[in-house]
Every structure is written in structure tokens, then in C-alpha cells.
There are 2 protein chains.
Amino acid sequence: MDKTAKSLTKGSPMTRRRFLHLTGAALGSAGVLNVLNAWGQNAMDGLTEPPKWDGNGNGTKVIVIGTGAGGCPAAYELINLGYDVTIIEARDRVGGHVWTIRGGSSGEEYGKGVQTCDWPEGFWWDAGPSRVPFYHNGFFHYCRELNVPLIDHKNLNLNGWVYAENVDGELNATKIRLHEMQADMGGYTSQYLAQALDQNALDEPLSEEDLEHWKSYLINWGILNANDLTYRKSDHRGFAVLPDVHSPGTINDPYPLRDLLPFADSIMQAAGGYLAATATFDWQTTMVKPKGGMDALYDVAFREFFGDRLHLNSPVTKINQTPDDVTVTYTDSETSEPVEITGDYVMCNIPLSALLKVSVNFDEPMKTAIRSVPYAMALRMGIGFKRRFWEEDDWIYGGQSFTNISQLGILGYPDDNYLSEGGVMLGMYNFGTNAAYVSSMPYDARAQLALSLGSKVHPQMKDEFISAFSVAWHLEPYSLGAWPSFTAESREQVMPILQEPDGRIYLVGEHLSNVNAWMEGAVQAAWMQVDKLHTRVMQS
Amino acid sequence: MDKTAKSLTKGSPMTRRRFLHLTGAALGSAGVLNVLNAWGQNAMDGLTEPPKWDGNGNGTKVIVIGTGAGGCPAAYELINLGYDVTIIEARDRVGGHVWTIRGGSSGEEYGKGVQTCDWPEGFWWDAGPSRVPFYHNGFFHYCRELNVPLIDHKNLNLNGWVYAENVDGELNATKIRLHEMQADMGGYTSQYLAQALDQNALDEPLSEEDLEHWKSYLINWGILNANDLTYRKSDHRGFAVLPDVHSPGTINDPYPLRDLLPFADSIMQAAGGYLAATATFDWQTTMVKPKGGMDALYDVAFREFFGDRLHLNSPVTKINQTPDDVTVTYTDSETSEPVEITGDYVMCNIPLSALLKVSVNFDEPMKTAIRSVPYAMALRMGIGFKRRFWEEDDWIYGGQSFTNISQLGILGYPDDNYLSEGGVMLGMYNFGTNAAYVSSMPYDARAQLALSLGSKVHPQMKDEFISAFSVAWHLEPYSLGAWPSFTAESREQVMPILQEPDGRIYLVGEHLSNVNAWMEGAVQAAWMQVDKLHTRVMQS
């Protein structure tokens, strides 16, 4: 029996997918929707494809504003359903928060002037979303539809470094390998628990069999000496001298528990628990991403599909709806003059933070809802290096290193093109007040800070530096934030309002979903909003 | 300070590499070798490139027998050093134990008849080595030299299944996700230890600070309730209902400790501790492999480099050396007639197990040494499926599932071409007596057994089955074993004899290295033997 499969029956993708196709074929217009609604609150979970809609939009005019992770699938589905779709995008590219930086990429944060990337051919780095959890089937659906190949993304590389400073003990301000910390902490934890079990020192009553199973498990998992249940050094933690043609090598000694405890405790708390979070469902292996950059799906595949329906460099300033239609005003990229276009409906993928800057005649409840969602601050920096010293010198192939330097956060390594000449590291990733502080600096000063702090882990940084490109998402004019920071309470109060159309205007984006700060949330929101709009049109 | 770097100073790759180049340039013929020898037993460790040899072989004739992971780099280096190299290979391909199976691949095990693979275009699977640890720099050197691109190989995918039968408790004969087992066992372990620490129930005296650090670490690592130090359910273990547009989802309940203990204990011991071993230095993330199959380096890149120096389908039957030369007799592939060729030296990459079948006038100590190394039995099976049900239904992108079914062992999933149509799973991997038993069956019966056992984890197997290809390495005529099974004692006694030339014959292969059962051991052995041969030629 498959216990997980059982508990996930309602969301089992193949079952649901097949069932939806079946009912979609058998029922009339918008038939699937009714089935979904009848299933209640969890209707959308586990969907791996958009609902199979019936009926045709027959040229009903929809203006899609914004080509982020929500706008793109919404426009794609509406086009396929026969709507007359016009797509308006403020930036010079498709993707919104999805932004792959390459040589030639440029941007201008509020008050910071223009920043242009000068990395060599073949370098790329995702300033926004950079990884996809294994269960984000809506994202995968479009990769399949549009032939976007995927590669692995690694959050966890046990050969990455962990570095902690301002901690007690001998490991202060040192870097050790993550596999050393993991092996030693797992070993000591196993030893102390196994010895306590052995002495029946615990309150909890366990049967003889339970005790034996647990001790046996800890011996194998923590690598304990089976006789006295002490942690022994093993090839889990690595070698002082590697095995070779002459000798079987010398295994490293464990770090003393007292030196390791303050170090490991600090690392586990650092950067909002970033290391501990690599074990969460969302961040577990396997994560994937499009080969060559996240924009392969957006600025390449969706962009090609949209063709001349798409208007780039066209920031929207006003949305005005009447009972009969809705008019969108944007600034024309060539003339700098305002342009008005009128349609039947608007699908609006502007983040709530930036939507506040647009004049829209929403009802009061919607205005209040939009105002009530604060957005997070986050700064990410890609640093181009002449040489892959992390591979050549440190034998780190992808993944991350973790520090307790709050302005630096984590370091990330490219997960492809191993052994090639040079590449881009995620050289800084910080949040909240640290992001506020660092983002206040000019681009160059941010880079110097990243090099100075990062050199504590990789002293080669300064010698191999080409240039950096940093993105403070809260200072990006059309983002004004990294992601919406809902509380459980605000989520409950605000999200139902955001999810319903305000007259002829439908919002779309991950801010309409509980899969927050993920592209998948935006895909699910797109399917939900297209479903609502299409049902309305079919019934009118 | 970098403690690991410090302890590995002698092996630090860049330092060593640069030093070797430096001394190689400054010293005369075979100068580097003397430096290496002066460094003693650990001379080769951490080498990321072959030593920079001086001097030229000037057409000295070397016959390389066997194109395994040792023969290929040996031949490559000798050719580059100006030797007149002839390469004799028994099989119809380059690679030896490195064998990538595709549609059209065929083989004949002892007494089993011919087996031919009929998988569709684009399917591939490595019957032999399938993964490379991050520190195998010799292997990487040739990938760099010959432009072989690498992708990730995953031993550990937390969304893989674990399945155990014949265990006590409610989880008997069920499959659960590895992340569920990991989260729950880590949680309970943390809870029991944290509570014991809290009550000062341990013998060992720990300071207040130590106790607080450890409890804090366990709270974050095991996801404990900070108030009462009990394990609480979290998104580390997964969802019963996934988060979606309507709800934040429902987190699964932990399995009861008493049901989990016998299950987890059994899984940790299964298949020789295969799951526990994913934490060893050799098997940790990141592992890599050539894109499209291991033969990209051997049967493609090395083969092209060797050109017409290479004679395939030419099994060697006899090696006869005199004080002046050495004559190799092989069977010509077209005429089936014996052919003799004579050279100055032989570099022999035949596994010891198969070398016993060749008539060679070795000295007695070498004969005894060769006879004294038993080889392991192992059987691996690739199964081609019409549909990637492990991705579509189970959301498993690469990695492995672990079972305690000893005839089945582990299951492995392709680490690339995600979302494509169909692919090849590692459908069976067993060792020792299990390999002996299963390998005694005809090819078809092995496949039926694998489907029958594997269906306990993947019931879709039988519906999606195309065909299987199994390789019992101990029954492969030119391998006769999976890898040499040294003991620490036999390693000490036998390896020094194997490493020295017997007259004009030099052995090469991973059986000359402590990096056993890895291609890297064969590369290091090749560099050592080329070094010895070249020094001899330069001094003569």
C-alpha cells in the first residue's frame, strides 16, 4: 500500500488529468469548471495541465498587462481559446520578475542610474526565480508544451562550505565543508541518543525491540562504533589525505563537539534558516530549472508564441473601466506619448506593490486589499569570474555555500557547464534590513562589499573578478518588492478579494495563490482567472 | 582559516599542479618524477593532471591491451609522448567495463546466448560505471582535454521511494517517500536527545552553553516545538493536500515512531547499507557524469583520438616476453586466425580475473599475486519504459529509490531529458549471492523477476515495459567480475607486486589503486605506470 499516494489521492496528477479530460469531453461549455467547483476548496491541487475548456472566445478582446509568471500562461491560454489578446509590458523583455542576466543586460533601479552587464559570451545568471520544485507541475506543463529542456538545480551540495564568525570555540571564522558538519553533528547526535537509549535514561517507555531498532539505525546513520556507541570517524566526513595508488588515504578527525556546537547552531539560524530550509518540501532535491536560464520559457518561448500581440517598453499608467469596456493607457516606447487601447476585459499581472502606482478605478474593497499587502525586500547579486575557482580549487560543482554573515547570506554556484572557463556565482543574497542597507549603496560599492565578505570563503574572488550585476527587487521600478509578505491572517482576509474580478479587471499573479513567491503560484492563478473569465464570456 | 584546506595542503590541486608545471619546466628529463618520489607515499594524491613529463618515446613500441578506464589514458599519454602505440581490444567497442547500452547494443554472457537491446532512439543507460565523485580530478582532466560535457548524477533524491517488507509495524510492505522517513527519524531523534539534554539525563558533562546550542540546533534541524521539545509536523515531510490558490495546504502527520523504527532500521541495512552510503565522501552530492552516457569519453572521444592505432574485436590469447621484446598473440576479428605482434613493452589493462585466462610468462610472484585477488559479483539491469511514470505520476526527477528486497536492491532514474517520452530506469542492482542467483536465470526470466519485484514500488512497470538489458559482470567473458575485492591485508601484500612491471609487462587498471572500483583509480594507475615506463625508457 502506498500511504503517500493514498493521502494524495485527490491530487494524484494522472488520475485527475485523465478525469478532467474525460469530463471535459463529455460535458458542454465550461463543464469542467463546474466539476472543479463541486470538488470544493482543493479543486485545483495537483493539476498538471490547465482545465480542458470548451467553447471559444470568438474574438472577445482581452488586454493582458504584464508578462510575468502569471501574465504569460494567462495570455497563452486565452489566445488558444480564441480571444483577441493584446499584451502590454512595461519592460524591454518578457518575464517580469523572471530575469536572466547576460552580457548586455541592463536595468535602472530607483535613484541608482543605469547598470549594464559586460560578462562574456555564455555567462548567465538568474536574478529572479532560479529553481523549480519537483511538484510544480503547472510550470512543467509549459516547459513540455514549448519544448524547454530542464537541468538540475542544487540547493544542497555537501562539498559546499559553511562559514561562521562571531561564534565561540575554535571554529570561529573558519570555513569547513558542509559534509564535515553534517557527519559530525549527525554522529554526536546519534552517539548521545544511542547511549541514552542504551542506559534506558529516557522517560518514554520503549520496548526492547524499539530500542534495538533505534540503536541499530543510529549506528548506521550516525556511523557509531557498535560496541560502545561512540561516534567514530568515517569516510562520511572526508579525508586528510585522499586514497591514491599508494595508500588507502587518511580519514579526517571529527571536530570536537564543543567547537562544533556554537558554529553549527549559528549556521542553522543564519539567513533565516536557509540551510535548514534545504530540507523543506519546496527546496528538496530534485529541483530543476530551464537549461541556460529561466528566460528560456519566458523571454524566448512565450515571446515567440505571442508574436506581434506583444508590446514591450509600454508602461501602463491608467486603467479605466466602464460597464461596457475597459481602457488601458500606456506610454508608447518610441514616441513617449500616451496611447489608449480599449478591450472587453483586462488580465492584470502587475505586482500589487507596483499596481499602487497605476491609476485604476477599482472599487474600494479592492483598493484596500491591494494596499494591505506589504512586499519583501531582497537583493541578489551575480558575480562573473574569469576562472571557476570553486570547481578547480574547491571541487564544488553547483549548489551553495552557507555563511552567518547576514549582509552576504549565501553563495551559489552554476549548476552546468562544469569545467568551462569562468562563470557566474550568486555572490550575495540578503533580505529585509540587510537588503535595505546594501541596496542603499551604489552598484559598485555593493560589489566591493560582496567581494570583501565573500573572500572570507573564497579568497580567490578578488583576483578572478570580472564584474557584478546586482538587483534589489524592492528598487526595481516595475516590481517594487521581491514577493508579497502575507500573514496567515491577511492571506485569509485579502486573498479572496484579490481573486475575484473587479468589474472587467482580473488580477493574476502569485499574489493570488498560497504557493507564494513561486512561479507555480502564478500559473495556478492564471488557470483560475482564465477559468473565471472564460466561464463569464461563455455564459454571456 | 580554512581547516580542510590546511589538512589537504599536500593535495591541494592548484598548488600541486602549478608546482609540478614549474619543476617540470625547470628540471631535465623525468625531473618531475624524482620530485614526486621524494614526496613519498602520497605523491600522487590530489593530482589533477598527469605529471608534466620531459623527453620523447621516439617510436619505442608499446602494445596497450584493453581499452578500459586504465588502458585509455595510458595509451593517450604514451601517444602524446611520442611512443609507437598499438591498442588491442577484445570487444567491439572502447571502454571495457564502461558500457553505455542503447538500441542495438548486444552482448553474450557465458552460457546465456546473445542479448540485443531494442530500445528506441535516445534511450541510454550505463551498465558499468555511471557516476563520478566530485574529487576524481583525473577523470575530469580527460573530460576537459577531450571536450566531454558533464551533467549531474544524483544518488539522493528525497522524493524517491523507500520500501521495506518483512518488518514489524504498520509500515510493513509499504512505500513512503524518503523525505518522510528522513524528516520523521530526524525529528524523533532530535526530540529524544533534546529532552534528555534538557533533563541533564546524560552522563557526559556539558556546559550550560553547550546544552543551549545543541538544543537550539536540534530544534532547527529536527523541527521541534521550542516549548516542549517535541517533534512537530512541518513542511519538511510533505503535504497531504498541496498548497494551491484556495488553501495553504495540509501538512502530513508524522508516522508513529514504533512503526517507523523497524522500517527505517531495515532500509538502512538493506543492499549493503546503500542508503546510508549516500552520505559517504565518494557518493555525496555533487556527483556528475558525461551527458548522454559514460561512453562519451571512451567509445567516442578516446576512440576517435586513437584512430587506426586501435584494433577492436581482437581478444588476446597469449603474451610472451623475452629479455629483448614482448610478443602479443590475438585472434583476428575477420579471419579468426591468430595474429602475433611484437613490441618493446606491454601495458596490460585486462582485469586480473580475465587475465587468468590469458597465457603469459609472468614470474611466479606476479602469477601468485594475480591469482590471489577475488572479484565481486554484481548484476545491473536497465529497463526501457514507454512512459516516464516516475516523473509524471510520482514526480521523481532522477536519483534512486531504496528497497530491502535483496534481489532487487535499488531502483535508479534517468538524471536528464526530464519530461521526455519514455526512458530507462536502473531496474535491478544486486550483489554477491543475490547476483549469483539472479544471473543464473535466462535474460528474460531476470527481466520478469525485476518487473515483479519492482512493481511493488512502481505498479505501472508492467504496463509501460518495453524491454530490459541485464549485465551480470561476473559472467561477461572479458570482465569475469565487477571489481576486485581486496581486504586491507591483501591490498598491502599484493598491490606492490601488481604495481611493479614484470619484465616488459606493466599492468594498469583500478586494481593497482586504493581508489578501487572507480575509474579514477584506473586513471591514477595509468599515470603511475606511464611514469615508470617513460622513466625507464628515458634512462635506457
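Residues numbered from 1 in each chain as written. Chains lettered and ligands numbered in written order. Predicted model: local features only at pLDDT ≥ 70, side-chain atom pairs only at ≥ 80, totals over all residues.

*Asks:* Go over the overall build of chain A, please, and point to the residues and values.
*Replies:* Broken down by element type, chain A carries 17 helices and 24 strands. Against the compact-globule benchmark of 24 Å for 540 residues, chain A has a radius of gyration of 26 Å, which places it among compact chains. Projected onto its principal axes, the C-alpha coordinates of chain A cover approximately 80 × 55 × 45 Å. Residues counted as buried form 58% of the 540 residues belonging to chain A. Summarising the internal contacts of chain A: among those between residues at least 6 apart in sequence, 69% fall at separations of at least 24. (Helix = DSSP H or I, 4+ residues; strand = E, 2+ residues; numbered from the N terminus. Rg over C-alpha atoms; globule rule 2.2 N^0.38 Å. Buried ≥ 20, exposed ≤ 12 C-beta atoms within 10 Å, placed from the backbone. Contact = placed C-beta atoms within 7 Å.)

*Asks:* Break down the relation of the copies chain A and chain B for me, citing the residues and quoting the values.
*Replies:* Rotating chain A by 180 degrees and moving it 0.0 Å along the rotation axis overlays it on chain B with an RMSD of 0.0 Å. On the angle and the small slide along the axis, the relation comes out as a two-fold axis. Of every C-alpha in chain A, the one belonging to leucine 193 of chain A sits nearest the axis of rotation, 2.7 Å from it. Most of the interface of chain A is mirrored in chain B, where 100% of its interface residues again form contacts. (Least-squares fit on C-alpha atoms with pLDDT ≥ 70 in both.)

*Asks:* Residue-level account of the pairing of strand 21 (residues 410–413) of chain A, with values.
*Replies:* On strand 21 of chain A, burial covers both faces: Ile410 and Gly412 of chain A on one face and Leu411 and Tyr413 of chain A on the other are all buried. Linking strand 20 (residues 399–403) of chain A back to strand 21 of chain A in an antiparallel pair, the connection comprises six residues, with glycine 409 of chain A at a positive phi of about 75 degrees. (Pairing = 2+ DSSP bridges.)

*Asks:* Give a description of the sheet that holds strand 18 (residues 359–360) of chain A that names residues and reports values.
*Replies:* Residue and element names in this part refer to chain A. Ordered by their spatial adjacency, four strands build an open sheet running 16-15-14-18, and the pairing between neighbours is mixed. Where the open sheet ends on each side, the last strands, each with one partner, are strand 16 (338–343) and strand 18. As paired elements, strand 14 (residues 316–321) and strand 15 (residues 326–331) share five bridges and run antiparallel to each other. Within the sheet, the bridge partner assigned to asparagine 320 lies in strand 15 and is threonine 327.

*Asks:* Lay out unusual backbone geometry with the relevant residues and their values.
*Replies:* Threonine 286 of chain A follows threonine 285 of chain A through a cis peptide bond whose omega is 0 degrees. Its place among the elements puts threonine 286 of chain A in the loop between helix 8 (257–273) and strand 12 (287–290). The backbone of isoleucine 223 of chain B shows a phi angle near 60 degrees, a positive value even though the residue is not glycine. Topologically, isoleucine 223 of chain B is positioned in the loop between helix 7 (208–222) and strand 10 (239–241).

*Asks:* Got a sec to walk through the packing of helix 7 (residues 208–222) of chain A against helix 8 (residues 257–273) of chain B? Specific residues and values, please.
*Replies:* Taken N-terminus to C-terminus, the directions of helix 7 of chain A and helix 8 of chain B make an angle of 40 degrees; their axes are 9 Å apart at the nearest point. With respect to their mutual orientation, helix 7 of chain A and helix 8 of chain B come out oblique. As for the relative orientation of helix 7 of chain A and helix 8 of chain B, their crossing is left-handed in sense. Mapping the contact onto sequence places Asp210, His213, Trp214, Ser216, Tyr217, Asn220 and Trp221 of chain A in helix 7 of chain A and Arg258, Leu261, Pro262, Ala264, Asp265, Met268, Gln269 and Gly273 of chain B in helix 8 of chain B. (Axes fitted to C-alpha atoms, helices over the stretch in contact; angles between N-to-C directions. Parallel < 35°, antiparallel > 145°, perpendicular 65-115°, else oblique. Left-handed = near helix turned anticlockwise from the far one by under 90°.)

*Asks:* Give a description of the sheet that holds strand 15 (residues 326–331) of chain B that names residues and reports values.
*Replies:* All names here are of chain B. Spatially, four strands are ordered 16-15-14-18 in an open sheet, and the strand pairing comes out mixed. Edge positions in the sheet fall to strand 16 (338–343) and strand 18 (359–360), since each has one partner strand and no second. In terms of strand pairing, strand 14 (residues 316–321) meets strand 18 through two bridges, oriented parallel. Paired with lysine 318 across the two strands is serine 359, which belongs to strand 18.

*Asks:* Mind laying out the domain arrangement of chain A, listing which residues take part and the relevant values?
*Replies:* Residues and elements named next belong to chain A. Partitioning chain A into structural domains gives domain 1 (100–155 + 285–294 + 376–475) and domain 2 (175–283). The C-alpha-based centres of domain 1 and domain 2 are spaced at 31 Å. On the domain 2 side, the residues contacting the 10 residues of domain 1 number 11 residues. Looking at the side of domain 1 that touches domain 2 residue by residue, the class counts come to six nonpolar, four polar and no charged. (Domains from an automatic or database assignment. Nonpolar A, V, L, I, M, F, W, Y, C, P; charged D, E, K, R; others polar.)

*Asks:* Hey, could you go over the nonpolar core for me, with residue numbers and the actual values?
*Replies:* Judged by nonpolar contacts, the single largest core of 333 residues is most densely connected at Val346 of chain A together with Val346 of chain B. Beyond its immediate stretch of four places on either side in the chain, valine 346 of chain B contacts Ile63, Ile65, Ile319, Val326, Val328, Arg504, Ile505 and Tyr506 of chain B. (Core = buried A, V, L, I, M, F, W, Y, C linked by C-beta atoms within 7 Å.)

*Asks:* An account of helix 7 of chain A is requested, with residue identities and associated values reported.
*Replies:* Here helix 7 of chain A is 15 residues long and its end C-alpha atoms lie 21 Å apart, about the 21 Å a rise of 1.5 Å per residue gives. Listed in full, the buried residues belonging to helix 7 of chain A are His213, Trp214, Lys215, Ser216, Tyr217, Leu218, Ile219, Asn220, Trp221 and Gly222 of chain A. Contacts made by the buried residues of helix 7 of chain A are with helix 6 (178–198) of chain A together with helix 6 (178–198) and helix 8 of chain B. Just downstream of helix 7 of chain A, isoleucine 223 of chain A is the residue with a positive phi angle, here 60 degrees. (Expected span 1.5 Å × (residues − 1).)

*Asks:* I'd like to hear about helix 6 of chain B, residue by residue, with values.
*Replies:* Count 3.6 residues to each turn of an α-helix, and residues three or four apart come out pointing the same way. Here helix 6 of chain B is 21 residues long and its end C-alpha atoms lie 29 Å apart, about the 30 Å a rise of 1.5 Å per residue gives. Across the 21 residues that make up helix 6 of chain B, a large majority, 20, are buried.

*Asks:* Now, about the packing of helix 6 of chain B against helix 8 of chain B: what can you tell me, with residues and values included?
*Replies:* Residue and element names in this part refer to chain B. The contact between helix 6 and helix 8 brings their axes to 11 Å, and the two run at 115 degrees. Looking at the two axes, helix 6 sits roughly perpendicular to helix 8. By crossing handedness, the relation of helix 6 to helix 8 is classed as left-handed. Counting all contacts with helix 6, which are made through Met181, Asp184, Met185 and Tyr188, the residues of helix 8 involved are Leu257, Leu260 and Ala264. Its residues assigned to classes, the contact of helix 6 with helix 8 shows six nonpolar, no polar and one charged.

*Asks:* Lay out the confidence of the model for chain A with the relevant residues and their values.
*Replies:* Chain-level statistics for chain A give a pLDDT mean of 91 and a share of 91% at 70 or above. pLDDT under 50 marks residues 1–45 of chain A. Its contacts with residues more than four places away, or in other chains, come to 81 contacts. (pLDDT = per-residue confidence, 0-100.)

*Asks:* With reference to specific residues and values, describe the environment of proline 262 of chain A.
*Replies:* Assignment of secondary structure puts proline 262 of chain A in helix 8. The spatial distance from the C-alpha of proline 262 of chain A to the C-alpha of glutamate 121 of chain A is 43 Å, given a sequence separation of 141 residues.

*Asks:* If you had to explain the environment of leucine 411 of chain B to someone new, which residues and values would you point to?
*Replies:* Residues and elements named next belong to chain B. Turning to its location among the elements, leucine 411 is positioned in strand 21 (residues 410–413). Given 27 C-beta atoms within 10 Å, leucine 411 falls into the buried group. As for leucine 411 and proline 120, which are separated by 291 residues in sequence, their C-alpha atoms are 21 Å apart. With near-sequence residues (within four places) excluded, leucine 411 lies in contact with Gln400, Ser401, Met425, Leu426, Gly427, Gly454 and Val457.

*Asks:* Give a detailed account of the environment of tryptophan 221 of chain B, specifying residues and quantitative values.
*Replies:* Within the secondary structure, tryptophan 221 of chain B sits in helix 7. Along the chain, tryptophan 221 of chain B and serine 190 of chain B lie 31 residues apart, while their C-alpha atoms are 7.8 Å from each other. Filtering out sequence-adjacent residues up to four positions away, tryptophan 221 of chain B remains in contact with Met268 and Ala276 of chain A together with Gly186 and Ser190 of chain B.

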